[in-house]
Amino acid sequence: MLSVALAGKPNAGKSTFYKAATMADVDIGNYPFTTIDPNRGVTHVRTECPCLDREKRCGNENCHDGKRYVPVELLDVAGLVPGAHEGKGLGNQFLDALSNADVILNVVDASGGTNAEGEPVETGSYDPTNDVEFIEREMDLWIAGILTDNWETVTRQSRSPDFDIDDALTEVLTGVGGTAASVARVLRSVEYPAAPQAWEDDDRERLPEAFRRETKPIVVVANKADIAPAENIEALREAASGPVVPCTAEGELALRTAGEAGVIDYDPGDADFEIRGDVSEAQADGLDQIREVMTQFGGTGVQAALDTAVYDHLDQITAYPVQNETRWTDGQGNTLPDAFLLDTGATPKDLAYAVHSDIGDGYLHAVDARADRRVGEDHELTEGDVVKIVSTAS
């Protein structure tokens, strides 16, 4: 399962975002370090279900009339404060928890109502663009610190006749969430001395930045957009190197709660909702305010942030393995029972391994269920493909 982590300073709204996305019971408070121990839960990204191409919807619990929700892990950890890479606040714990995340959502208080330490201030009095580079810089310095801590060992290893600087760097960087393949890509993109003794501080800073960009892509979530000055949202878009998603986590949580209570008809990621039950005047006013924000930004932004992180930033596609290529069912007759996230360019054999290592080891061939034709092992899957895997382990 892919892992999405929530980063940001205290009081930016990470815990509210987490609760809205998972509906898990977590503490939400207007004080620093509401979250102490990391929260791990399951949320979903949204895509179109292939059942939309059939006469009937599939009936899967993760399909809401053709809106397919694919599970991903969501991690919420303690807020970052300046100097986190040196252990200030809960910095080391925070950064350590991020090391295995596939993508990071930097939750920023777009209203400018909290200062650099996350303490409440007058709305609009703090520049939220400071929080965009802040997270990146703290992560870069933390990785640089780990590299520096290991440098004596690397230098000692260099005395061996079979020493290879790339192997030594790979050993260090895979310990902070990199894979051998991702580290190799980073090392190809950065120039550095072959001898550890020749490295300067700039070398030990440039490499961590490239590593973080490769292995920890960041999407900025402009939270509290419902009370943020319009110029703050635009300023965040200009300051960020990647996508910025305006968001009201509180609004999403209110809609999810109302939906579970049967008061409204709403699915996460919808651009609007419909009131179904009786509501008080105050509730109606609150829902109208949320609707205004949704109209402005095309939704509350919570689902959009998750989808942007996984489908756009991580470049994922969704594939659906089935046993019956005609009915699109598994062995028990369930239609489109499973959905897997795969890297763009993935093949049927990659899907086989995603289902189970034994299925992948015994892979024979695959059938494109939409076209009802056999496809080769090097066939590239696309979003929404339905595939029958034929394997000796089936």
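All values derive from a computational prediction rather than experimental measurement. As a convention, each chain's residues are numbered from 1 in the sequence order in which they are written. Residue-level local features of this predicted model are given only where pLDDT is at least 70; pairs of side-chain atoms are given and counted only at 80 or more, and the full residue set underlies all totals for whole chains, interfaces and linings. To get the side-chain values, take all heavy atoms of the structure and skip hydrogens and water.

Time to look at the pattern of salt bridges. Salt bridges are identified by distance alone: a Lys or Arg side-chain nitrogen within 4 Å of an Asp or Glu carboxyl oxygen. In the structure shown here, the tally under the stated rule is 20 salt bridges. In this structure, E73 engages R40 in a salt bridge whose closest nitrogen and oxygen atoms are separated by 3.1 Å. Note that E73 is positioned in strand β4 (residues 67–76) and R40 in strand β2 (residues 39–48), a separation of 33 residues in sequence. Here R237 ties to E234 by a salt bridge, and the two come within 2.9 Å at their closest N and O atoms. Secondary structure elements follow DSSP: runs of H or I no shorter than four residues count as helices, runs of E no shorter than two count as strands, and numbering proceeds from the N terminus.

Below, the discussion takes up the side chain of D385. Along the polypeptide, D385 turns up in strand β14 (residues 385–391). With a 1.4 Å probe rolled over the protein chains alone, any residue whose accessible area is under 20% of its type maximum counts as buried; one over 50% counts as exposed, and the rest are partly exposed. The charged-residue count follows a simple rule in which Lys and Arg add positive charge and Asp and Glu add negative charge, with His and chain termini not counted at all. Here D385 is buried and forms no salt bridge, its nearest opposite-charge partner R370 lying at an N-O distance of 4.6 Å. Two N or O atoms count as a polar contact when they lie within 3.5 Å, although within protein this holds only if one can serve as hydrogen donor and the other as acceptor, and sequence-adjacent residues are included solely when both atoms are side-chain atoms. At 2.9 Å, the side chain of D385 forms a polar contact with the backbone nitrogen of T382. What makes two residues a contact is simply this: any of their non-hydrogen atoms within 4.5 Å. Not counting the four nearest positions on each side in its chain, D385 is found in contact with T318, A319, Y320, R370 and H379.

Whether two strands pair comes down to DSSP finding at least two bridges between them. Spatially, the five strands line up as an open sheet ordered β11-β10-β14-β12-β13, and their pairing is mixed. Each edge of the open sheet carries a strand with a single partner, namely β11 (340–343) and β13 (373–375). With strand direction ignored, the average angle separating the axes of adjacent strands in the sheet is 45 degrees. Note that strand β10 (residues 316–322) and β14 share four bridges and pair parallel. The residue bridging A319 from the neighbouring strand is D385, located in β14. A fitted line through C-alpha atoms represents every axis, and for helices the fit uses only the stretch in contact; the resulting angles, taken between N-to-C directions, go from 0 to 180 degrees.

Right, let's talk about helix α11 (residues 302–313) for a bit. Multiplying 1.5 Å by the residue count of a helix minus one yields the expected span of that helix. An ideal rise of 1.5 Å per residue puts 16 Å on 12 residues; α11 measures up with 15 Å between its terminal C-alpha atoms. Most of α11 sits inside the fold, with nine of its 12 residues counted as buried. Listing the buried residues of α11 in full gives V302, Q303, A305, L306, D307, T308, A309, V310 and Y311.

This paragraph deals with the state of the cysteines. Any two cysteine sulfur atoms lying within 2.5 Å of each other are counted as a disulfide. For the coordinates displayed, the defined rule picks out zero disulfides. The structure places no disulfide on C49, whose sulfur is separated from the nearest cysteine sulfur, that of C51, by 3.5 Å. Residue classification places C49 among the buried positions, given a relative accessible area of 3%.

Let us look at the side chain of D76. Relative to the assigned elements, D76 resides in strand β4. The side chain of D76 sits in the buried core without any salt bridge; K14 is the nearest counter-charge, 5.0 Å away.

A few words now on the pairing of β4. Where burial is concerned, most of β4 is hidden: seven out of the 10 residues are buried. The pairing of β2 with β4 spans 10 bridges and is antiparallel. The residue of β4 that forms the bridge with R46 is Y69. Bridging between strand β3 (residues 63–64) and β4 involves two bridges; their strand directions are antiparallel.

With that settled, consider helix α1 (residues 14–22). Buried residues dominate α1, accounting for eight of its nine residues. Every buried residue belonging to α1 is among K14, S15, T16, F17, Y18, A20, A21 and T22, and all of these are buried. Where α1 ends, the next residue or the one after it, M23, has phi of about 55 degrees, a positive value.

Glancing now at the domain arrangement of the chain. One frequent convention defines the size of an interface as the accessible area lost when the parts assemble. Per the domain assignment, the segments making up the chain are domain 1 (3–128 + 217–310), domain 2 (136–215) and domain 3 (316–391). An automatic or database domain assignment supplies the residue ranges for each domain. Computed over C-alpha atoms, the centres of domain 2 and domain 3 are 38 Å apart.

Moving on, we get to a negative patch on the surface. Together, E281, D285, D288 and E292 make up a region of like negative charge exposed at the surface. Turning to its location among the elements, E292 is positioned in helix α10 (residues 281–297). On the accessibility criterion, E292 (58% relative accessible area) is exposed. Only residues whose relative accessible area exceeds 30% and that take part in no salt bridge are eligible for patches, with like-charged residues grouped when within 9 Å of each other and nonpolar side chains (Val, Leu, Ile, Met, Phe, Trp, Tyr) grouped when within 5 Å. To be clear on the numbers: accessible area is Shrake-Rupley with a 1.4 Å probe, and residue cover counts the displayed protein chains and nothing else. To locate a charge, take NZ of a lysine, CZ of an arginine, CG of an aspartate or CD of a glutamate.

Glancing now at the environment of A184. Inspection of the secondary structure assignment puts A184 in helix α6 (residues 180–189). Distance in space between the C-alpha atoms of A184 and A228 is 41 Å, their sequence separation being 44 residues.

Centres within 6.5 Å make a pair out of two Phe, Tyr or Trp rings, where for Trp the six-membered ring is used; the pair is then stacked when the planes are under 30 degrees apart, edge-to-face when over 60, and tilted otherwise. Taken as a whole and assessed by the stated rule, the structure comprises two aromatic pairs. When the centroid spacing of 4.6 Å and the interplanar angle of 50 degrees are considered together, the rings of W151 and W199 count as tilted. Of this pair, W151 sits in helix α4 (residues 151–157) while W199 sits in the loop between α6 and α7 (201–215), placing them 48 residues apart in sequence. Seen in terms of ring centroids, Y192 and W199 are 5.5 Å apart; in terms of plane orientation they differ by 45 degrees. Their pairing is tilted. Of the aromatic side chains, those joined through ring pairs into one cluster are W151, Y192 and W199. The criterion for a charge sitting over a ring is simple: Lys NZ or Arg CZ within 6 Å of the ring centre, and within 35 degrees of the ring normal. Across from the ring centre of W328, 4.3 Å away, lies the NZ or CZ of R54, which sits over that ring. The ring of F273 carries R291 above its face, with NZ or CZ at 4.2 Å from the centroid.

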